Amino acid sequence: MTDVQGTVADGFEPVRDAFADNFARRGERGAAVVVHQGGRKVVDLWGGTRDVDGGTPWTPDTAQIVRSATKGVAAAVPLLLHQRGQVDLDAPVGTYWPEFKAAGKERVLVRHLLAHRAGVPVLDTPLTPEQARDGVSGPRAVAAQAPAWEPGTDHGYHAQTYSWTVGELVRRVTGRDIGAWIADEIAAPLGLDLWLGLPEAEQHRAGRIGDVEPPAGSGTPGLRVRPKQAVSDAYRDPASLTRRAFAAIDPLPDENDPAYRAAVLPASAGVATAEALSRFYAALIGDVEGVGGVDGGGRRLFAPATLTLARSEESAGPDRVLIANTRFGLGYMLHGPASPLLAAGSFGHPGRGGSLAFADPESGISFGYVTNGMQKNVTADPRAQALVRAVARALAG
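The paragraphs below set out a description of the structure included in this document. Please read these numbers as outputs of a predicted model, since none were measured by experiment. (Residues numbered from 1 in each chain as written. Predicted model: local features only at pLDDT ≥ 70, side-chain atom pairs only at ≥ 80, totals over all residues. Heavy atoms only, no water.)

1. Thoughts on the nonpolar core
Formed by 81 residues in total, the largest nonpolar core has its most connected members in Trp164, Ile186, Phe280, Leu284, Phe302, Tyr332 and Phe347. Broken down by element, this core gets its largest block of residues, nine residues, from helix H2 (residues 69–83). Phe302 has contacts with Ala76, Leu79, Leu80, Gln83, Ala283, Leu284, Leu307, Ala310 and Tyr332, leaving out every residue within four places of it along the chain. Phe12, Val43, Leu387 and Ala390 belong to the second largest nonpolar core, which has 26 residues in total. (Core = buried A, V, L, I, M, F, W, Y, C linked by side-chain atoms within 4.5 Å. Buried < 20%, exposed > 50% of the residue type's maximum accessible area, 1.4 Å probe, protein only. Helix = DSSP H or I, 4+ residues; strand = E, 2+ residues; numbered from the N terminus. Contact = heavy atoms within 4.5 Å.)

2. Here's the deal with the packing of aromatic side chains
Going through the model one piece at a time under the given rule, you end up with 10 aromatic pairs. Aromatic pair Trp97 and Phe100: ring centres 5.0 Å apart, planes at 40 degrees, arrangement tilted. Just as Trp97 is buried, Phe100 falls in that class too. The positively charged end of Lys71 is found above the aromatic ring belonging to Tyr162, 5.8 Å away from the centroid. The ring centre of Phe100 lies 4.9 Å from the NZ or CZ of Lys105, which sits over that ring. (Phe/Tyr/Trp six-rings, centres within 6.5 Å; stacked < 30°, edge-to-face > 60°. Lys NZ or Arg CZ within 6 Å of the ring centre and 35° of its normal.)

3. Overview of H2
Given a rise of 1.5 Å per residue, 15 residues ought to cover 21 Å, and the 22 Å separating the end C-alpha atoms of H2 matches this to within 8%. By the criterion of burial, H2 is predominantly enclosed, with 13 of the 15 residues buried. Remark: Gly85 follows H2 within two positions and exhibits a positive phi of approximately 80 degrees. (Expected span 1.5 Å × (residues − 1).)

4. What about the side chain of Glu255?
Positionally, Glu255 belongs in the loop between helix H9 (241–246) and helix H10 (258–261). A residue is classified by how much of its surface remains accessible, and Glu255, at 15% relative accessible area, is buried. In this structure the side chain of Glu255 is engaged in a polar contact, spanning 2.7 Å, whose partner is the side chain of Arg67. (Polar contact = N/O pair within 3.5 Å; in protein donor to acceptor, adjacent residues only side chain to side chain.)

5. A word on the packing of helix H5 (residues 137–144) against helix H6 (residues 162–174)
Where H5 meets H6, the closest approach of the two axes is 9 Å, and the angle between their N-to-C directions is 105 degrees. Judged on the interaxial angle alone, H6 and H5 are roughly perpendicular. For the pair H5 and H6, the contacting residues are Gly138, Pro139 and Val142 in the first and Trp164, Thr165 and Glu168 in the second. A class-by-class count of the residues in the contact of H5 with H6 yields three nonpolar, two polar and one charged. (Axes fitted to C-alpha atoms, helices over the stretch in contact; angles between N-to-C directions. Parallel < 35°, antiparallel > 145°, perpendicular 65-115°, else oblique. Nonpolar A, V, L, I, M, F, W, Y, C, P; charged D, E, K, R; others polar.)

6. Examining the pattern of salt bridges
Evaluation of the coordinates by the stated rule reveals 27 salt bridges. A salt bridge links Asp53 to Arg208, with the shortest nitrogen-to-oxygen separation between them at 3.3 Å. Taken together, the residues span a long stretch of sequence, with Asp53 in the loop between strand E3 (40–48) and strand E4 (64–65) and Arg208 in the loop between strand E5 (194–195) and strand E6 (210–211) at a distance of 155 residues. We classify Arg208 as partly exposed; its relative accessible area is 37%. In this structure, Glu168 engages Arg172 in a salt bridge whose closest nitrogen and oxygen atoms are separated by 2.7 Å. In this pair, Glu168 and Arg172 are both assigned in helix H6, four residues apart and thus about one turn of the helix distant. In this structure Glu168 comes out as buried when scored by relative accessible area, which is 5%. The network of salt bridges with common partners includes Lys41, Asp44, Glu275 and Arg279. (Salt bridge = Lys/Arg side-chain N within 4 Å of Asp/Glu carboxyl O.)

Structure, rendered in structure tokens:
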């Protein structure tokens, strides 16, 4: 039995039980989960090993690559720029980035980038890992790419190209790369152990991730673990939008390479602790305990109107890339069958293979889960879902 460390507030014991059960029944190697309620930390648990293939114990400051959970952090940047009057969500992307107007993308709006409606989830010529992280090749390639459908008319998950569309938009507007903007405007003020571009001095914080097979029969009741045949076929077909979207970087990068961890890839390469992810979402929806704001109270990032934008449905229905019914607000996945969160008003983002972070404004809950064992799922990991269900039970009393 894995020794689970940490604390839970009274009433949140079901989360500790579910976390322990993940190690006992669902193939967990090393992980952490943190939950805030009303800005106050009510769950802080960790266990297992910091490396998926090692024996060194996980500690409270262990950080991990969180893959697409990074998108939820990155999405806050254009929304905050809009909140400050620096970005018009209904302006063509070409207003800020003239080169993007090429190949039929003149009418792509900023909101289309955030809601996966821009039509450029694939690249005709994939990038090498070195090109993907050089800061130049990605934006150039996506600017030249012809859309796979009429932009704005449908949606499909921009699994990798999100790095270069959203990242370059922020650079054109602010003159800073999105990783530096997050470090200066979000992570430092909130005291978050969260990086988009992990500095050399912090590389020791990141554990090694790797693929793991879940034990047979280890799924969460009510959650489809085996994908539908159409989904499996799409991932196997080299010509499908699904396969090509995830292969926009080819060959796949070594995610344990310090050079990859240092890359500013807002679609996939964020490094964070569970504490940082939960605290980040707590700051999006309300005051955070222990962080002073301009008026001496807690620090809140999103104004009410911005919070509404983040979680108002922009895209829904069959996803051309994920071959499932997905729902997106502006930059955030919304609660639904493909990515169950806590409740109807929840918004956040999973990471392929495990990690999950979200907020639920109505209950005041924010949630961060990170793991080093990557299982075969994209939007709904059974371990994360078991923890979400446990939070729901705790709230129900």
